[in-house]
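What the coordinates show
One-letter residues, chain by chain:
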Amino acid sequence: MISLRRRSLSRVFFIAVCAFIVRWLFFSSSPTSAAGYASHQIKEHNFIERATRPDKSLNVQRHQFLQARMGRDERDELMGAQIRNGVEDYWERFQMPYMVSKDTSSMDAQHVVGAIDQLLSLNGWVAALCPTLTRPFGQNKHEHAYDDLVREDHLYYIAIVIHSADHFLVDQLAVIVQMAKRLGTNNLFVSMLDYDSTDSTETLTDLCEAVLTLLGVPFRIRRVPGMTEDPSAAYYPLEEAHMRNLALEPLRELLQKRGIRFHRVIWLKGFTCPNDILETIKVSFVNEAAMVCGMDWAEHNGFFIFSDRWRTRDIDGDQFRQSKSSSKAEAVPPRDRLGASRYAKHLPFQVFCCESGTHVVDPEQSYYKGIEYRAGSDYHNLSRAEMVPMRDPDAPCLDSSQAWFCRDLWVRSARDAMDEVDKVNNHGAGRLARRAAVDVAAREPEVVAAREPADPNAKAPEAAEGQAQAAAGRRKPAGPGVDADANAGSDYDAMPEEEGAEPPAELDPFIDPVHLSMPNSVFRPARILVNPRCPTTYAGVSHTQLALDLFGTGEDDAFHAGVGKYVLEDWEGAPESFVCQEQRQTGGRKATKTQRRLGFSIHDELQRE
Ligand SMILES: *[C@@H]1O[C@H](CO)[C@@H](O)[C@H](O)[C@H]1NC(C)=O
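Counting of residues starts from 1 at the beginning of each chain's written sequence and follows it residue by residue. Since the coordinates come from a predicted model, pLDDT governs what is reported: local features require at least 70, and pairs of side-chain atoms require 80 or more to be given and counted, while whole-chain, interface and lining totals use all residues. The basis for every side-chain value is the complete set of heavy atoms in the structure, and neither hydrogens nor water enter the calculation.

Scanning the protein chain for helices and strands turns up 19 helices and 14 strands. For the protein chain, the proportion of its 609 residues judged to be buried stands at 53%. Contacts are assigned to residue pairs with any non-hydrogen atoms lying within 4.5 Å of each other. Nonlocal contacts in the protein chain, meaning residues at least 24 apart in sequence, comprise 79% of its contacts between residues at least 6 apart. Areas reported here follow the Shrake-Rupley algorithm with a probe of radius 1.4 Å; residue values treat only the protein chains shown as occluding. Carbon and sulfur atoms form 55% of the exposed surface of the protein chain, whose accessible area is close to 27700 Å². A run of DSSP states H or I qualifies as a helix once it reaches four residues; a run of E qualifies as a strand once it reaches two. Both are numbered from the N-terminal end. Summary of the burial criterion: residues with accessible area below 20% of their type's maximum are buried, those above 50% are exposed, and those between are partly exposed, where the area comes from a 1.4 Å probe applied to protein chains only.

Further remarks concern the packing of aromatic side chains. Each aromatic ring pair is specified by the distance between its two centres and by the angle formed by the two planes. Any two of the Phe, Tyr and Trp rings considered here, Trp counted by its six-membered ring, make a pair once their centres fall within 6.5 Å; the pair's planes then place it as stacked at under 30 degrees, edge-to-face at over 60, or tilted in between. If you walk through the whole model with that rule in mind, you get 16 aromatic pairs. Considering the side-chain rings of Phe306 and Phe320, the 5.2 Å spacing of their centres and the 35 degrees angle between planes classify their relative orientation as tilted. Of this pair, Phe306 sits in strand S7 (residues 303-306) while Phe320 is found in the loop between strand S8 (313-314) and helix H12 (337-344), placing the two residues 14 residues apart along the sequence. Side by side, Phe306 and Phe320 carry an identical accessibility label, which is buried. Ring geometry for Phe578 and Phe600: centres 6.3 Å apart, planes at 90 degrees, overall edge-to-face. Taken together, the residues span a long stretch of sequence, with Phe578 in strand S13 (residues 577-582) and Phe600 in the loop between strand S14 (593-599) and helix H19 (602-608) at a distance of 22 residues. Neither residue differs from the other here; Phe578 and Phe600 are each classed as buried. Above the plane of the ring of Phe303 lies Lys324, whose end atom (NZ or CZ) is 3.8 Å from the centre. The criterion is that NZ of a Lys, or CZ of an Arg, lies within 6 Å of the ring centre and within 35 degrees of the ring normal, and then a charge sits over that ring.

Further remarks concern the site of the ligand. The immediate surroundings of the ligand are formed by Thr228, Ala233, Tyr235, Tyr379, Asn381, Ser383, Arg384 and Thr586. In protein, a polar contact means a hydrogen-donor-capable atom and an acceptor-capable atom, both N or O and within 3.5 Å, with residues adjacent in sequence counting only if both atoms are side-chain atoms; elsewhere, any N or O pair within 3.5 Å suffices. The separation between a nitrogen atom of the ligand and a polar main-chain atom of Ala233 is 3.0 Å. Burial of the ligand by the protein amounts to 64% of the accessible area it has alone, namely 360 Å². Proximity is defined per residue: any heavy atom of the residue falling within 4 Å of a molecule or strand makes that residue near it.

The term salt bridge refers to a pairing of a side-chain nitrogen on Lys or Arg with a carboxyl oxygen on Asp or Glu at a separation within 4 Å. Going through the model one piece at a time under the given rule, you end up with 32 salt bridges. Across the salt bridge formed by Glu202 and Arg223, the nearest N and O atoms sit 3.6 Å from each other. On the criterion of sequence distance, the pair formed by Glu202 in helix H8 (residues 201-215) and Arg223 in strand S4 (residues 219-224) is long-range, its members being 21 residues apart. Linked through salt bridges whose partners overlap, the residues forming this network are Arg69, Arg72, Asp194, Glu202, Asp206, Glu209 and Arg223.

What follows is about the packing of helix H7 (residues 166-183) against helix H11 (residues 274-286). Axes here mean lines fitted to C-alpha atoms, for a helix over just the part in contact, with angles spanning 0 to 180 degrees between N-to-C directions. The interhelical angle for the contact between H7 and H11, taken along N-to-C directions, is 55 degrees, at an axis separation of 9 Å. Relative to H11, the element H7 is oriented oblique. The chirality of how H7 crosses H11 is right-handed. Along its contact with H7, which presents Val175, Gln178, Met179, Arg182 and Leu183, the element H11 presents Pro274, Asn275, Ile277, Leu278 and Ile281. Gly counts as polar in this scheme, as do all residues outside two lists: the nonpolar Ala, Val, Leu, Ile, Met, Phe, Trp, Tyr, Cys and Pro, and the charged Asp, Glu, Lys and Arg. A class-by-class count of the residues in the contact of H7 with H11 yields 7 nonpolar, 2 polar and 1 charged. Any angle between 65 and 115 degrees counts as roughly perpendicular, while under 35 counts as roughly parallel, over 145 as roughly antiparallel, and the rest as oblique. Here is the rule for handedness: rotate from the far helix to the near one, and if that takes an anticlockwise turn smaller than a right angle the crossing is left-handed, while a clockwise turn gives right-handed.

Multiply 1.5 Å by the residue count of a helix minus one, and that product is the helix's expected span. Between the first and last C-alpha of helix H9 (residues 236-247) there are 16 Å, a value that for 12 residues agrees with the 16 Å anticipated at 1.5 Å per step. The buried fraction of H9 amounts to 10 of the 12 residues, a majority that puts the element mostly inside the structure. Every buried residue of H9 is accounted for by Tyr236, Pro237, Glu239, Glu240, Ala241, Met243, Arg244, Asn245, Leu246 and Ala247.

It is worth spelling out the packing of H9 against helix H10 (residues 249-258) at this point. Close contact between H9 and H10 brings their axes to 4 Å; oriented N to C, the two are set at 35 degrees. Between H9 and H10, the contacting residues are Asn245, Leu246 and Ala247 on the first element and Glu249, Pro250 and Arg252 on the second. Across the contact of H9 with H10, the residue classes tally to 3 nonpolar, 1 polar and 2 charged.

Here's what the structure looks like:
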C-alpha cells in the first residue's frame, strides 16, 4: 500500500514537472489580455469562405481558435520560481547544446511526444487493465470490433466537468488519447470545464492542454469561478445545469459560427474503459438513442454497489436498487421486470432516466433542438432570512438537472412525433387544434404497433405480461409495501462523500399518483438506455473483481452475440409517475434530500408549453 502510494505520488510529481516544462515551453508567451481571450472564441467563416465552400473541419493547424484555454489561473505558484530555475537549467545544459540545426530541434518535439506516449500508454494507470478485463460477448477479444464505427468518420464531442476531482483526470486524458488514436484526432473536440476546483486540477489541466496541443486534438479548457462565493450557499442542481451548459458552449458555437454538427456528445465521468465507450457509442447509433448511459459502481465496505441512484430511474419511474455487483437476478439494480431480465443478460435496457457515469447523448435529439440543462427555481435559500416556500403536493420536482433533462427529452420526443404527424397530414390543422385533439393514438398507429413484442423468444412470459400491462397504460401501483426499498427513502449513494455522495433522503408521505386523462403510452417514447456493459468506476476499485462479478467468465448466450446484443426492439412509454428525490434547499451538493412520488403526464407537459 505504502509503496503504491509512493509510486503514485512520484508519478503525480513527474506529471507536475512535465506539465510545468510543457507549459513553460508552450505557453509562456500566451496572451492574457482581453484580446487574447477574444482570440479563443470560435471564428465565423469570412465572406470569401461563405461564398465558396466553408471549411467545416476541425483542423487545428489551420484554425488556431480550435485549441483554447480560458480562465487560466496566472497567479504565481508556490515554488514556481524554483521549478522555473530547474527547468531553465535542464534546458540550457541538456537540451540546447544538442540543437545545432532545425533538424535536431524537431528531435525535441518527438522526445516530448514519446514521453507523453509513455506516460499515457495505459501502463500502470487504471486504464492499463482495460484490455484484460472480462466482458460479455468477447468484446475485448475482437480487435476490429469497432472498425465500422471508425470508418464512419463521425465527429464526437467529449465533455468533462471537473469539480475538484483531479484523481480522475489523468486516466480520463489517457482515455481521450486512446479515443483520438482510434477515431482520428480531427474527429474529436474536447471540452473541459474546471468548476472552481481547489485541488491540483489546475496543474493537470495544463498537462491536458499540452498533450492535446501536441496531438493536434481540438479543445477548449476553461476554468470558471463558483456560482456563489460561499459554496454552501449554492443550489447544487442549478450548479450542475450551469456547469454542463458551459461545457457545451463550444458545441453551440461550432454549430452557429462554422456549421459543424457533432454526431454524439460523450460525457466522461469517473473512469470508463475506451472499448466500453466505443461500444456505448455503437449502442447509441444502432438504437438511434437520445441517451445511453453506463453504470456507475463504487466500492463500499469491500463490495461494489450501484451508485448514482439520485439520477437514475427505471422505466417504471422507480429508483434503482443499491445492488452489489454480484447480486442475484431478483435483486439487480433495475426494478422493472424487463429491465432486470435484460440486465441479467448484459443487454441494454430502457429507462426513464439515467446518468450513472459516462454517457452518450445524441445532440440532434437534444442540444441542437434547444434543450439545455436546467433546474427548479423555487428552492429555499437558507442564506436568506425568508420563510420556507409553500409548495403544492404536485409542484415540479426539485431534483437533479439530469432528471430535468430526461423529462425534457420525453416531452420533446412526444412533441416531435406529433409535429411529424402534422407535417404528413398537413390538413391545415394547426398546432393548437392538434393539441386539443384527444385521441393521439388514433393518429399514431405505428406507436401502438411498435408495442407488440417483436421477438417473443427473447422474453420471459412474465416480461411479456408486464409489457401488455404497460401497453394498457396501467402500471403497477408502486406504493409502500410493494417493494420496501423502492420508495422508502433509504437512499444512500455509494460514492464516498468527497466524490459526490448523496446523503440519505428523508421520505415525504406517499402521494397517490394521479390518473392521467391521456396515458403516456400513446406518445412516442424517448430513447434512453442503460448499457450494463459499460461500467464506470473510481480510483481504488478492483476492476478485475468488478468485471468478474458483473460478467462472470464473459461467455454469453450465442443468441445475442450478433446485433441482438445492441438493439432494443420494443420501446415503452414514459411512466405515469416517478420517484422524485429533491433538494428543496441550498447547501451545496450535500444538502438534504426528500422524496415523494410524483405524477408525470406528457399530455399536461405539452399543454403547458
Ligand atoms: C442565497 O442567498 C445568498 C444571500 O442573498 C446569495 O449570495 C446566494 O447566491 C443565494 N444562493 C442561491 C443559490 O440563489
